[in-house]
There are 2 protein chains.
Amino acid sequence: MTQLELLLERIIDRVNVNLRHQKFDVGDYVRRQTPHLHYSKFYAFYGLSADDPVHFHFKNSSLAGSYLLGRVNVLHSALYKSDIRGDELKRKGQHFVCDGKMIPLHDDEVITIKDSFLNKTLVHSNSHDPESPEEFTIRNTVAMPYANIHGSLTEGSFIGSFATVDLSTIHNSVVRYFSYVQTGELVGKCVEPGQIWIKSGDELEFHYSFDKAILDKYISQEAGSCPTGVLMEFVEVRQEDFEEVFASGHMASGAGSASGASVSGYAVIKGDTVIGENVLVSQRAYLDNAWMGKGSNAQENCYIINSRLERNCVTAHGGKIINAHLGDMIFTGFNSFLQGSESSPLKIGDGCVVMPHTIIDLEEPLEIPAGHLVWGYIRNKADLAAHSISFEEFAKVDGEVTMGRMTFRGKGGPFLDSFKKRIKRILSENGAFFDGSEGTGHAQKGKNFTFNIIQPYQDGDPRGMYPTILIQPNNGS
Amino acid sequence: MTQLELLLERIIDRVNVNLRHQKFDVGDYVRRQTPHLHYSKFYAFYGLSADDPVHFHFKNSSLAGSYLLGRVNVLHSALYKSDIRGDELKRKGQHFVCDGKMIPLHDDEVITIKDSFLNKTLVHSNSHDPESPEEFTIRNTVAMPYANIHGSLTEGSFIGSFATVDLSTIHNSVVRYFSYVQTGELVGKCVEPGQIWIKSGDELEFHYSFDKAILDKYISQEAGSCPTGVLMEFVEVRQEDFEEVFASGHMASGAGSASGASVSGYAVIKGDTVIGENVLVSQRAYLDNAWMGKGSNAQENCYIINSRLERNCVTAHGGKIINAHLGDMIFTGFNSFLQGSESSPLKIGDGCVVMPHTIIDLEEPLEIPAGHLVWGYIRNKADLAAHSISFEEFAKVDGEVTMGRMTFRGKGGPFLDSFKKRIKRILSENGAFFDGSEGTGHAQKGKNFTFNIIQPYQDGDPRGMYPTILIQPNNGS
């Protein structure tokens, strides 16, 4: 076996030990993906800036096509076209607030990925675990295409295709395809496909469960198979555009089209696309005939096609918006798929919150009124009525409410408030409110990054692996 | 002072201590160059292959625009667009032959550049010092534009513009512009401008001294000035073509135009250029309307313009050939400038050896007959008669011969033989004799390299410096 094959077997063994009580074998997933992957064909790259602490350590790993930012260790792991975004890592001297306690950081936070296989996975570093404020760990973990690990300490787990683990610490758990968990902690659980599950202590719980027969049309993956369905086809037909962008070996520092805006050199920009002020377009975002209003953003793995977004719209990682017109400050959650067509366009009114992993796939024109919470699966006006609620109505909820496959327990007001607070924070961190001097965020800061290209061995036993690389700040001595 | 300014002052101090007996101040040279240099604007890159031992360690250094290959440490040093070519480093287990003794290498050889400033300098690793077979050291040294340090352990020295130190150990010496030394050892010497000096023990010595008034027209540099003259203008007007090549961020692995050939993605190829079999074109070579016959090469910093080279011609680092037709197996030495014109073309017959640092700048058509040794400064037939000798005549020399500004002492036959042996070795190592299966050299092996781009800090105190980087082989554990 080559070094890469040995590494993959090592990872499979380790994750399977963690998941032994679940009797879950990640080998069928890892081995099935890998013959299709051409690890030695793609370079990886890491960002360097004078403003951020620099630390990279890559050891016995493959990083094919991956993007690494911040302070990152990758040890005995295989990344494939994954984004490891460490631009929100906490710094030494900052404080972590937990239950009103101020926990000081004794060192700059670092992402450590060990004994893990992340395939087209997004890792975003805004971690929330008070137990390890200096290290954001992903260990003994396998993640499938278009999974998101968002600020989540992850150990001994399997994250399925298009699944999201958001701000949660997870141990020894399986989160199957297209499930979204934001539950604070998840230990020894198996989350079935298409579960949208938000839980905050005993006070709040939102749960929606996709009809599996419907979900499988959009995305499905069983052991021993690659993921299939509408979502997978959607991204795969656009893959070539990304390959062109990466082949040109861009090292653009992300100059924007308008004042305060930042468009990654590794994004695809096509058609009659307009980029407004303070807009942030991240690497691996895809814009085709997109009109991006002031302060709006397109995060990693977003697709915005034949659509217009007014001001301050947040499109979370993996959000897809096709033939749609979004008003001001619309939040489109992780991996949501909002697809209108020319004859059946989608219109969304100001301030709406589209829950993560929502599928809107229209068979008739649809307008979602302003100030609504939207979830689930929507094809027409009747579906919308069953899968949305006005903020006004929702604020009155206190107790348990069931609407079709959705159950909510707790107080609606605080649930909405925490969503709105998070959206404001995202906009602020992205620099949407930059006024030319105050309020800088990712859109403005991204310009100071330079990208450094590293390549794997091309042949022999170490083919597809990277040499051991250690990068630390220059301290002038 | 910024980190980079502090570093340069540190280097100046160290070199000046070594050169205190010469009363030579490198500060005037280093400081004069640096305002013109834009360290933060250029990326550096290093080659990676599975066939070669990998080791890079960069610490408190600037590497702007430099190319690094093999096992290389750069510590407390500033490189500017320099080529550090470690592809002929010796390996652990190999033997170094010295006076008939076999000295085994206990480790892979490594290039260590410490406390040094190398500006557009070529370092080639075929080292010849039996006293340090495992480390090729450049320490406390300043080298100026288009200097060559070729297999030469170099400590406490200043190497002027277009000067070459070839296969010699030098300590605490000054080698001024356009001088060539191949003297085995050089300790505490000052070599004035334009001295071509080859010495092998007490048996052989070749010495040519340029008329300084003539030399200064071609190249000159005094303390506190940048180099000037025809040679400097020649390279500077072609600088833009290289900037285009580097701006495109090429990561070509060097596929050739003909079987067994290799053309670096970082070479400039213009006009109606033809690349024959087994041809090697190195990075920073410049070919414009050049016809390269089978097995010929163009090494780093070579310019071949409106010229035809038949088979197995060797153009050493920095050789320039303009409006010329070269027969088979012509050796053009380091930094030689062979300039014909459309009305005064140059023709060189088979097997000729053009000594390093020869200037041929024609005012009439000129043909150099086959089998001649050529040196010095040649503008016409009369100059040629005074600056060349047939191999047949030269082989008869035993004792001392003076021809104009050239003096030779020793036996002509062995001198010629050692030249011919070296040319054969270069051709063989470059892969000129590759037959499709046997005889691979750089032209064939170069294809397995991948290039990795690293960039400096863009702003703040470390601007122009690189982070600390350590790269070692992946060993699968």
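Residues numbered from 1 in each chain as written. Chains lettered and ligands numbered in written order. Predicted model: local features only at pLDDT ≥ 70, side-chain atom pairs only at ≥ 80, totals over all residues. Heavy atoms only, no water.

Under an unreviewed UniProt entry, the name given to chain A is Hexapeptide repeat-containing transferase, and the organism recorded is Oleidesulfovibrio alaskensis.

S.K.: Residue-level account of the sheet that holds strand E16 (residues 158-159) of chain B, with values.
M.R.: Residue and element names in this part refer to chain B. One open sheet holds the six strands; their spatial order is E5-E10-E13-E16-E19-E22, and the pairing between them is parallel. Taken across any chain shown, the strands that pair with only one partner, and hence form the sheet edges, are strand E5 (78-80) and strand E22 (190-191). In the sheet, strand E13 (residues 142-143) pairs with E16 via two bridges, with the strands oriented parallel. Note that in E16 the partner of valine 142 across the bridge is phenylalanine 158. The sheet strands contacting helix H1 (residues 3-18) are E5, strand E10 (117-119) and E13, and the helix crosses E5 at an angle near 105 degrees. (Pairing = 2+ DSSP bridges. Helix = DSSP H or I, 4+ residues; strand = E, 2+ residues; numbered from the N terminus. Contact = heavy atoms within 4.5 Å. Axes fitted to C-alpha atoms, helices over the stretch in contact; angles between N-to-C directions.)

S.K.: Quick rundown of the sheet that holds strand E30 (residues 297-298) of chain A? Include the residues and the values.
M.R.: Strand order in the open sheet formed by eight strands is E25-E28-E30-E32-E35-E38-E41-E43 (chain A), and the pairing between neighbours is mixed. What marks the edges here is a single partner per strand, and that holds for strand E25 (262-263) and strand E43 (388-390) of chain A.

S.K.: Before we move on, could you go through the domain arrangement of chain A and cite the residues and values that matter?
M.R.: Residues and elements named next belong to chain A. Splitting chain A by domain gives domain 1 (3-224 + 447-471) and domain 2 (231-393 + 412-443). Between the C-alpha centres of domain 1 and domain 2 there is a distance of 23 Å. Summed over both sides, the interface between domain 1 and domain 2 buries roughly 3,800 Å², with carbon and sulfur atoms accounting for 60% of that surface. On inspection of domain 1 and its partner domain 2, the count reaches five salt bridges. Among the ionic pairs, glutamate 88 bridges to arginine 425, the shortest N-O distance being 3.9 Å. In this assembly, domain 1 and domain 2 are joined by 16 residue pairs in polar contact (both at pLDDT 80 or more). For the side of domain 1 that touches domain 2, the residue count by class is 23 nonpolar, eight polar and nine charged. (Domains from an automatic or database assignment. Buried area = accessible area lost by both parts, 1.4 Å probe. Salt bridge = Lys/Arg side-chain N within 4 Å of Asp/Glu carboxyl O. Polar contact = N/O pair within 3.5 Å; in protein donor to acceptor, adjacent residues only side chain to side chain. Nonpolar A, V, L, I, M, F, W, Y, C, P; charged D, E, K, R; others polar.)

S.K.: Would you mind going over unusual backbone geometry in detail, with residue names and values included?
M.R.: All names here are of chain B. Of note, the phi angle at phenylalanine 162 is positive, near 55 degrees, even though the residue is not glycine. Accessibility expressed as a relative area gives 0% for phenylalanine 162, which makes it buried. Backbone geometry places asparagine 172, a non-glycine residue, at a positive phi of 45 degrees. On the secondary structure map, asparagine 172 appears in the loop between strand E18 (169-171) and strand E19 (174-175). Using a relative accessible area of 25% as the deciding quantity, one classes asparagine 172 as partly exposed. (Buried < 20%, exposed > 50% of the residue type's maximum accessible area, 1.4 Å probe, protein only.)

S.K.: Could you give an account of the interface of chain A and chain B, with specific residues and numbers?
M.R.: Counting residues at the interface gives 39 residues for chain A, matched by 39 residues for chain B. Here chain A packs against chain B, burying approximately 3,000 Å² in sum over the two surfaces, 51% of which is carbon and sulfur. For the interface between chain A and chain B, the tally reads zero salt bridges. Inspection of the region where chain A meets chain B yields 16 residue pairs in polar contact (both at pLDDT 80 or more).

S.K.: Any chance you could break down the relation of the copies chain A and chain B for me, citing the residues and the numbers?
M.R.: Each copy of the sequence occupies a distinct position, and chain A is placed on chain B by a rotation of 180 degrees and an axial shift of 0.1 Å, giving an RMSD of 0.0 Å. The operation mapping one copy onto its partner corresponds to a two-fold rotation axis. (Least-squares fit on C-alpha atoms with pLDDT ≥ 70 in both.)

S.K.: Explain the UniProt feature "binding site: Mg(2+)" (unreviewed entry) in chain A residue by residue, including any values.
M.R.: Residues and elements named next belong to chain A. Within this numbering scheme, the UniProt entry marks Glu88, His124, His150 and His317 as carrying the feature "binding site: Mg(2+)" (unreviewed entry). Lining the second largest cavity, from this annotated set, are Glu88, His124, His150 and His317. Inspection of the secondary structure puts glutamate 88 in the loop between strand E6 (83-85) and strand E7 (95-98). Once residues lying within four places of it in the same chain are set aside, the contact partners of glutamate 88 are His124, Ser125, Asn126, Arg425, Glu429 and His442. Considering the arrangement of structural elements, one finds histidine 124 in strand E11 (residues 122-124). When its relative accessible area of 5% is taken as the criterion, histidine 124 is described as buried. Those residues within four positions of histidine 124 in sequence are excluded, and the remaining contacts are Arg85, Asp87, Glu88, Phe136, Ile149, His150, Gly151 and His317. (UniProt positions renumbered as here; feature names shortened; annotations may be inferred. 1 Å grid on protein atoms, 1.4 Å probe; cavity = no way out; pocket = protein on both sides within 12 Å on 5 of 7 lines; lining within 4 Å.)

S.K.: Describe the nonpolar core, listing the residues and the values that go with them.
M.R.: By size, the foremost hydrophobic cluster in this structure holds 118 residues, and its most contacted members are Phe117(A) and Phe117(B). The next biggest cluster of nonpolar side chains, apart from the first, holds 117 residues, and it includes Phe234(A), Ala432(A), Phe210(B) and Phe246(B). (Core = buried A, V, L, I, M, F, W, Y, C linked by side-chain atoms within 4.5 Å.)

S.K.: So what about the state of the cysteines? Which residues, and what values?
M.R.: Across all of its chains, the model carries zero disulfides over all chains by this definition. Free cysteine Cys352(B): the closest other cysteine sulfur is in Cys313(B), separated by 10 Å. (Disulfide = S-S within 2.5 Å.)

S.K.: Can you break down the packing of aromatic side chains residue by residue, with the values?
M.R.: Considering all chains together, one arrives at 68 aromatic pairs over all chains under this definition. Ring geometry for Phe45(A) versus Phe451(A): centroids 5.7 Å apart, planes at 80 degrees, classification edge-to-face. You can see Phe45(A) sitting in strand E1 (residues 44-48) and its partner Phe451(A) sitting in strand E46 (residues 450-454), a full 406 residues away along the chain. Each member of the pair Phe45(A) and Phe451(A) is classed as buried. Grouping aromatic residues by their ring pairs yields a cluster made of Phe206(A), Phe331(A), Trp375(A), Phe394(A), Phe408(A), Phe415(A) and Phe419(A). Geometry around Phe42(A) places Lys81(A) over its ring, the cationic atom sitting 4.3 Å from the centre. Here Arg308(B) stacks its cationic end above the ring of Trp291(B), 3.6 Å away from the centre of that ring. (Phe/Tyr/Trp six-rings, centres within 6.5 Å; stacked < 30°, edge-to-face > 60°. Lys NZ or Arg CZ within 6 Å of the ring centre and 35° of its normal.)

S.K.: Requested: an account of the pattern of salt bridges, with residues and values cited.
M.R.: Evaluation of the coordinates by the stated rule reveals 45 salt bridges over all chains. Put simply, Lys90(A) and Glu109(A) hold a salt bridge, and the shortest N to O gap is 3.6 Å. Pair noted here: Lys90(A) is in the loop between E6 and E7 and Glu109(A) is in the loop between strand E8 (101-104) and strand E9 (110-114), with a separation of 19 residues, a long-range link. The exposure class of Lys90(A) is buried, given its relative accessible area of 11%. Under the relative-accessibility criterion, Glu109(A) is labelled buried at 0%. The partner of Asp87(B) in a salt bridge is Arg85(B), with the nearest N and O atoms 3.1 Å apart. Asp87(B) sits in the partly exposed class, given a relative accessible area of 21%.

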